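These are the residues of each chain, in order.
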Amino acid sequence: MIAVIDYKAGNLTSVVKALRYLLGEERAAREVVVTQSPDVVRGADKVVLPGVGHFQATQLLADLGLTDAVRESIAKGVWFLGICVGLQWLFEGSTEADGTKGLGTFAGMCEHFPTEYMGVELKSPHVGWNSLEQIRPDSHLLRGVADGSFVYFTHSWRAPVVNATAAVTNYGGTFSAAVERGNVMGVQFHPEKSADVGLRVLRNFVEL
Amino acid sequence: MLTKRIIACLDVRGGRVVKGVQFVDIVDAGDPAELAHRHAAAGADEIVLLDITATHEGRGTLLDTVRRAAAKLFVPFTVGGGIRTAEDAAAVFNAGADKVSVNSSAIARPELISEIGASFGAQAVIVAIDARRGAKGAEDAEVYVSGGRKPTGLRVVEWAREAESRGAGEILLTSMDTDGMRDGFDSELTAAVSESVQIPVIASGGAGSAAHFAEVFGRGKADAALAASIFHFGITSSRELKAQLALAGVSVRLPC
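Just so we're clear, the structure is a prediction, and the values are computed from it rather than from any experiment.

A word on the overall build of chain B
Scanning chain B for helices and strands turns up 10 helices and 12 strands. Here the C-alpha atoms of chain B give a radius of gyration of 16 Å, agreeing with the 18 Å that 2.2 N^0.38 yields for 256 residues. Buried residues in chain B amount to 54% of all 256 residues. Pairs at least 24 apart in sequence give 64% of the contacts found in chain B among residues at least 6 apart.

A short note on the overall build of chain A
Within chain A one finds seven helices and 15 strands. Relative to the globule expectation of 17 Å for 208 residues, the C-alpha radius of gyration of chain A, 16 Å, shows essentially globular dimensions. Summarising its shape, the C-alpha atoms of chain A cover approximately 50 × 40 × 30 Å along the three principal directions. Counting every position in chain A, which comprises 208 residues, the buried fraction comes to 50%. Considering only residue pairs separated by 6 or more positions, chain A has 67% of its internal contacts joining residues 24 or more positions apart.

With respect to the environment of B:V66
All names here are of chain B. Along the chain, V66 turns up in helix α2 (residues 59-70). Judged by local crowding, V66 falls into the buried class, with 26 C-beta atoms found within 10 Å. Spatially, the C-alpha atoms of V66 and V157 are 31 Å apart, while their sequence positions differ by 91 residues. Each residue touching V66, except ones within four places of it in the same chain, is listed here: L49, V79, V92, A95, G96 and A97.

What about the sheet that holds strand β2 (residues 32-35) of chain A?
Residues and elements named next belong to chain A. Judged by pairing direction, the sheet is mixed, and its seven strands sit side by side in the order β2-β1-β3-β4-β15-β14-β13 without closing on themselves. Edge positions in the open sheet fall to β2 and β13 (165-170), since each of these has one partner strand only. Going across the sheet, the axis of each strand differs from the next one's by a mean of 20°, ignoring polarity. As defined by bridge partners, β13 adjoins strand β14 (residues 174-181) across five bridges and the pair is classed as antiparallel. Across the sheet, T165 pairs through a bridge with V179, a residue of β14. The strands touched by helix α1 (residues 12-23) within the sheet are β1 (2-5), β2, β3 (46-49) and β4 (79-83), with β2 carrying the most contacts at an inclination of about 170°.

Focus on the sheet that holds strand β7 (residues 109-112) of chain A
Sheet architecture is open: four strands sit in the order β6-β5-β7-β12 (chain A), paired in mixed fashion. The sheet is open, and its two edges are formed by β6 (97-101) and β12 (157-158) of chain A, each paired on a single side.

Re the interface of chain B and chain A
Across the contact, 25 residues belong to chain B and 28 residues belong to chain A. Split by residue class, the side of chain B that touches chain A holds 11 nonpolar, seven polar and seven charged.

Comments concerning the environment of A:G93
Residues and elements named next belong to chain A. Following the sequence through the fold, G93 ends up in strand β5 (residues 93-94). When the 20 C-beta atoms within 10 Å are taken as the criterion, G93 is described as buried. Residues G93 and Y117, 24 residues apart in the sequence, show an inter-C-alpha distance of 23 Å. Those residues within four positions of G93 in sequence are excluded, and the remaining contacts are T100, K101, G102 and M109.

A word on helix α8 (residues 210-218) of chain B
Residues and elements named next belong to chain B. When α8 is considered as a whole, its buried residues turn out to be A210, H212, F213, V216 and F217. For α8, the angular spread of buried residues about the axis comes to 155°, placing them on one side. Considering only its buried residues, α8 is in contact with α7 (187-196), β11 (201-204), β12 (224-227) and α10 (238-247).

Details of the nonpolar core
Counting 149 residues, the largest nonpolar core has B:I47, B:V100, B:V127, B:I171, B:I202 and B:A225 as the members making the most contacts within it. Leave out the neighbours within four places in its chain, and B:V127 touches B:V102, B:A106, B:I113, B:A163, B:A168 and B:I171.

Considerations on α10(B)
Residues and elements named next belong to chain B. Where α10 is concerned, the buried positions are S238, L241, K242 and L245. Around the axis of α10, the buried residues are gathered within 95° of arc, so they sit on the same side. On the buried face of α10, the contacting elements are β1 (5-13), α1 (32-41) and α8. Directly after α10, the chain includes G249, whose backbone phi takes a positive value near 90°.

The rules behind each value
- Residues take numbers from 1 onward in each chain, read along the sequence in its written order.
- The naming scheme follows written order: chains are lettered A onward, ligands numbered 1 onward.
- Where totals are concerned, whole chains, interfaces and linings use all residues; where local detail is concerned, this predicted model gives features only for residues with pLDDT of at least 70, and gives and counts side-chain atom pairs only at 80 or more.
- Helix and strand definitions here come from DSSP, where helices need a minimum of 4 consecutive H or I residues and strands a minimum of 2 consecutive E residues; each element is numbered from the N-terminal end.
- This radius of gyration counts C-alpha atoms alone. The globule rule is 2.2 Å times how many residues there are, raised to the power 0.38.
- Partly exposed residues are those falling between the two cut-offs: more than 12 but fewer than 20 other C-beta atoms within 10 Å of their own, whereas 20 or more means buried and 12 or fewer means exposed, with C-beta atoms placed from the backbone.
- Residues are defined as contacting one another if the C-beta atoms placed from their backbone atoms lie within 7 Å.
- Any two strands with at least two DSSP-identified bridges between them are counted as paired.
- Working convention: axes come from line fits to C-alpha atoms, limited for helices to the stretch in contact. Angles between N-to-C directions cover 0 to 180 degrees.
- When residue character is reported, Ala, Val, Leu, Ile, Met, Phe, Trp, Tyr, Cys and Pro are called nonpolar, Asp, Glu, Lys and Arg charged, and the others, Gly included, polar.
- Each C-beta atom gives one direction from the helix axis, and the arc is the one those directions make.
- Think of a nonpolar core as buried Ala, Val, Leu, Ile, Met, Phe, Trp, Tyr and Cys residues, each tied to the set through C-beta atoms within 7 Å.

Following this line, the structure appears as structure tokens:
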């Protein structure tokens, strides 16, 4: 069973729609569960944390007891995929919402894009199709995705490059476009909106 | 590298895709859901569906169209037309849209921008501006509403700045002077708006050739450009257009 956590993130519908498309209606009806329940998350084989919007929204995860449930699941080896703010939540926190803690699986804080880079003004949010670079060959999530493949981003805060970074993207310097360590994975881009490349990433995840 | 986006626009009226010249002179071009899929398959980076004669009675049809179009669409999908309240926006998001575009209703009540943004995020709100300047300079271009029928007295660059400060995620700028003429975008106006805000600007109105896109991405400083009739009647596909843009040195999503 794939638990898709509902914490009122804007792209929940799109993520579920993409999973339905990949699994087929019948299998999706059996296996995909949209939930706010910590117990459902504890019982899942895979957990997806969607997200778009404000980091503050992840506060609901702690309030509903979902943070602990996810922590336990991850410790058991359950596959976890965070999308956009869902990736950022895997870090210690974000300057977007000072009082809201992330899961802290990866070290570092998410920060706003600089307003200027190398003397040139940088627009924010970073919206559009940008390329994945330095894809780690051992990544399960990005298996079959070539360096330079384009995916769709929309965000103003970004996660730093860390040991677990599985791919970087350049926009005002490099940031983590994907992270992966063992069973814990995250993507800053929107696989549900990244055409064939995005569907490949989601397929890689559901087939784990 | 962040690429320049080619956005396929479907102008919908009464559940059918149409395309006019300078906001009138409407021609039937097909089923919106089917065309949305065709554009995505042909390499469009994004799809915009604008219900140009949105009426209260027509909302059900629109939502059904959005649902059908969104079901198997895996590129960003924007819907505009007749969105007057945060509840209208919520219905469109629930039907499968990723962003909404607001125009006249945001002029009438600018708080609408932040209201939608509060629930769905700033990235989900596009403020569409219909601009006309005639022989005047770009800085003096005026905002029009009601499908381009009513002047507002607002200057385009000022309204763009206000929309940004109220939390718009992107600006969709349509030049009514160039719309439907297939004679090129208003690059001067696009640059004036793009330089006055931090958020991305989508240029619209006047696409007729790949060279027009190259110009609005270069001189016009547009982050994305929108085209409708250029594709509907088989002049070219997004993929062909992007191949030509790549040759002209524009960074685009290829292969797509």
